[in-house]
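If you want the building blocks of each chain, they are given just below.
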Amino acid sequence: MSHLAPQTEKNFKLMEQVAQKTGSDSKLETCIQCGTCGGSCPSAMDMEHTPRKLFALLRAGEREEVLSSNTPWVCVSCYFCAVRCPQEIKIPDVMYTLKSMAVAEGAYRDSTASDFSRTFVSMVENYGRSYELGLATRHYLRHFPLRLPSMAPMGIGLLSKKRLNLKPKKIQGIKQLNAILDRAKELEAA
Amino acid sequence: MSKYLYYPGCSMEGSGKAYHNSLMPVCEKIGLELQEIDDWNCCGATEYLGINKIPAYALIGRNLALAEAQSNGAQDIVAPCSACYLNLTKIDSYMAKKNGVDELINDALSAGGLSYEPGQLGIHHLLDLIVYEIGLDTVKEKVVRPLTGLRVAPYIGCMAPRYDYAKRWSDSEHPLELDWLLGALGAEVVDYPLKTHCCGGHMPQIGPDTAYELIHRLVDYAEEVKTDIMVAVCPMCQMNIDAYQNETNQHLGTKHKMPIVFFTQLMGLAFGMRERDLGFGSELVSAKEAIQKIGSEVPKKKRKKKDKFALPMPHPLGNGILKNGTNGKELILPTEGRARGGRA
């Protein structure tokens with residue numbers, strides 16, 4: 001029997017849960033807090049917590065602080081941290097795990113990034129391919145309406161140079177793809 | 001001819017068309033036969049992975065399974081987009097560990113009547129395929145118009161050499177493959193230590209300030225070392241630096257005007273192919289001045305001929321009609337000129 005309060009117990013399991021969800025070889029528990037990750041990160045300046053800090057919070061069980069942090073969303077998946085980490089922790093994969101947990105629990109503070117990911121995913125699930133124009137339009141109207149005037153030349157430029165397709169392209173095997181994704185979602189939930 | 005399965009990726013049908021259009025004739029020239037994987041789907045980029053792990057893996061798994069089923073004598077898969085290449089190699093290597101991930105993905109794939117056995121097909125980025133399988137000697141043999149005097153920055157980006165799941169690159173932070181290739185074309189390759197720094201990835205969409213800063217750093221350094229043109233191997237790098245450069249300028253008060261094209265476009269030029277067949281002219285920051293240095297011209301946009309039998313409708317952004325209504329002041333149309341960063 002644990003002598004800890006249920007909430008504390010849950011927090012202590014945070015590290016375990018994130019590592020387990022990331023995969024058996026995430027090596028997250030082996031972090032030595034050296035800070036190489038944050039020092040290598042091109043977007044660290046815009047992160048609420050550098051990866052090192054985030055992992056310290058994880059270890060401390062600061063569940064809310066970790067899941068609401070903008071850090072995983074600002075991660076650009078450039079893998080600098082991953083190739084430099086002396087412990088070979090799969091940092092980008094950990095970031096993906098934290099994003100999916102934040103989405104599942106609605107824990108993020110700002111929805112700009114998670115909405116973008118979700119819109120992207122819905123395009124893929126509907127068409128099987130990304131649809132740049134639809135994605136950009138929906139996303140910018142919702143989150144950056146004030147940026148639109150300064151972006152207009154770019155949009156018009158891309159359209160006039162035929163770099164944006166007006167219509168989405170749907171793959172033939174879209175039903176097959178969705179059967180696969182549905183089964184994968186069941187497996188994920190199991 | 002060696003035959004390869006071609007996984008284009010979504011950008012190649014849209015924002016990265018110039019890459020697709022140039023790599024096709026270039027590959028034919030160097031003896032690469034590309035067979036497009038029939039009915040391939042999006043690789044999920046960096047977005048699906050952050051929503052649902054197993055479905056994201058299965059999404060990539062479907063492409064691998066289709067490739068395996070359609071291989072028909074083709075040796076390996078080649079992806080020109082670094083993000084697609086990274087995702088394909090990542091899932092292949094995760095499945096090859098045989099620690100349960102392969103079973104999960106195959107379980108999901110079986111719902112669509114598919115399966116994949118990892119390690120069956122090699123997975124290449126187009127650049128590593130050309131450098132290591134075709135070889136720089138073959139490339140040099142085809143050069144008829146060396147890019148002499150053109151100062152190029154070899155911007156390879158992050159997702160090709162990192163995480164290097166397939167162990168193909170000379171270094172994960174300072175790889176030399178693109179330098180070698182551009183050197184083989186006769187170009188003057190500048191020392192560009194930021195070559196694997198991030199272009200901003202999806203940040204223009206979710207945190208533009210971060211993106212502007214990253215784009216600025218890359219372009220600023222390139223300008224400092226007197227680069228004529230940056231060279232990309234990934235449609236996302238090209239898109240971010242090309243299309244968001246104007247917005248970056250507006251935001252940071254800079255005056256960058258650095259063109260960026262795909263390495264296959266420069267290969268085509270060196271092979272003596274026509275600019276219009278290589279997608280030149282589709283970049284927003286014009287490559288005109290740069291390629292003039294080697295005696296090339298960016299093709300002018302073809303104007304549609306007037307249809308003699310059309311009804312007399314006012315042109316929506318018409319030249320004559322609207323211009324007359326602006327008190328003689330020239331109407332500024334949002335055309336190429338402004339998109340190029342005209343607002344200093």
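Here the residue numbering is sequential within each chain, running from 1 through the sequence in written order. All chains are assigned letters beginning with A, and all ligands numbers beginning with 1, in the order in which they are written. Owing to the predicted nature of the model, reporting of local features is limited to residues with pLDDT of at least 70; listing and counting of side-chain atom pairs is limited to 80 or more, with chain, interface and lining totals taken over all residues. Side-chain figures throughout are based on the complete set of non-hydrogen atoms in the structure, without hydrogens or water.

### A few points about the domain arrangement of chain B
Residue and element names in this part refer to chain B.
Moving on, step 1. If you check the domain split of chain B, you get domain 1 (2–126) and domain 2 (145–292).
Moving on, step 2. The split of the chain into domains comes from an automatic or database domain assignment. Taking the mean C-alpha position of each, domain 1 and domain 2 sit 24 Å from one another.
Moving on, step 3. Here's the idea: put two parts together, see how much 1.4 Å probe accessible area each one loses, and the total over both is what we call buried area. When domain 1 packs against domain 2, close to 2300 Å² is buried across both sides, 71% of that on carbon and sulfur atoms.
Moving on, step 4. In what follows, salt bridge is the name for a side-chain nitrogen of Lys or Arg lying within 4 Å of a carboxyl oxygen of Asp or Glu. Across the contact surface, domain 1 and domain 2 share 0 salt bridges.
Moving on, step 5. Numbering of helices and strands starts at the N terminus; helices are DSSP runs of H or I of at least 4 residues and strands are runs of E of at least 2. Those elements giving two or more residues to the side of domain 1 that touches domain 2 turn out to be helix H1 (17–29), helix H3 (82–96) and strand E4 (122–125).
Moving on, step 6. For this classification, the nonpolar set comprises Ala, Val, Leu, Ile, Met, Phe, Trp, Tyr, Cys and Pro, the charged set comprises Asp, Glu, Lys and Arg, and every other residue, Gly included, is treated as polar. Residue composition of the side of domain 1 that touches domain 2, grouped by class: 15 nonpolar, 12 polar and 3 charged.

### As for the interface of chain A and chain B
How big an interface is tends to be stated in terms of accessible area lost as the parts join.
Moving on, step 1. Every residue pair with non-hydrogen atoms within 4.5 Å of one another is taken to be in contact. Taken together, the contact between chain A and chain B spans 69 residues of the former and 76 residues of the latter.
Moving on, step 2. Linking chain A with chain B are 8 salt bridges, by the criterion used here.
Moving on, step 3. When the shortest N-O distance is used, the salt bridge between A:Asp25 and B:Lys97 registers 2.9 Å.
Moving on, step 4. Here a polar contact is recorded for every N or O atom pair within 3.5 Å, except that within protein the pair must consist of a potential hydrogen donor and a potential acceptor, and residues adjacent in sequence are included only if both atoms are side-chain atoms. At the junction of chain A with chain B, the criterion picks out 38 residue pairs in polar contact (both at pLDDT 80 or more).
Moving on, step 5. For the side of chain A that touches chain B, the elements supplying multiple residues, two or more each, are helix H2 (14–22), helix H6 (71–74), helix H7 (80–84), helix H8 (91–105), helix H9 (112–127), helix H10 (132–143), helix H11 (148–160) and helix H12 (174–189) of chain A.
Moving on, step 6. Top element by residues in the side of chain A that touches chain B is H12(A). It accounts for 10 residues.
Moving on, step 7. Broken down by class, the residue content of the side of chain A that touches chain B amounts to 32 nonpolar, 18 polar and 19 charged.

### Things to note about the domain arrangement of chain A
Moving on, step 1. In terms of domain boundaries, chain A breaks down into domain 1 (6–105) and domain 2 (112–189).
Moving on, step 2. One C-alpha centre belongs to domain 1 of chain A, the other to domain 2 of chain A; they are set 27 Å apart.

### Comments concerning unusual backbone geometry
Moving on, step 1. Of note, the amide linkage connecting B:Arg162 to B:Tyr163 takes the cis form, showing an omega dihedral of 15 degrees.
Moving on, step 2. Positionally, B:Tyr163 belongs in the loop between strand E5 (151–155) and helix H7 (177–184).
Moving on, step 3. A positive phi angle, close to 65 degrees, is found at A:Tyr79, a residue other than glycine.
Moving on, step 4. Here A:Tyr79 shows up in the loop between H6 and H7.
Moving on, step 5. Taking relative accessible area as the criterion, A:Tyr79 reaches 3% and is therefore assigned buried. Relative accessible area decides the class of each residue, using a 1.4 Å probe on protein chains only: under 20% of the type maximum gives buried, over 50% gives exposed, and in between gives partly exposed.

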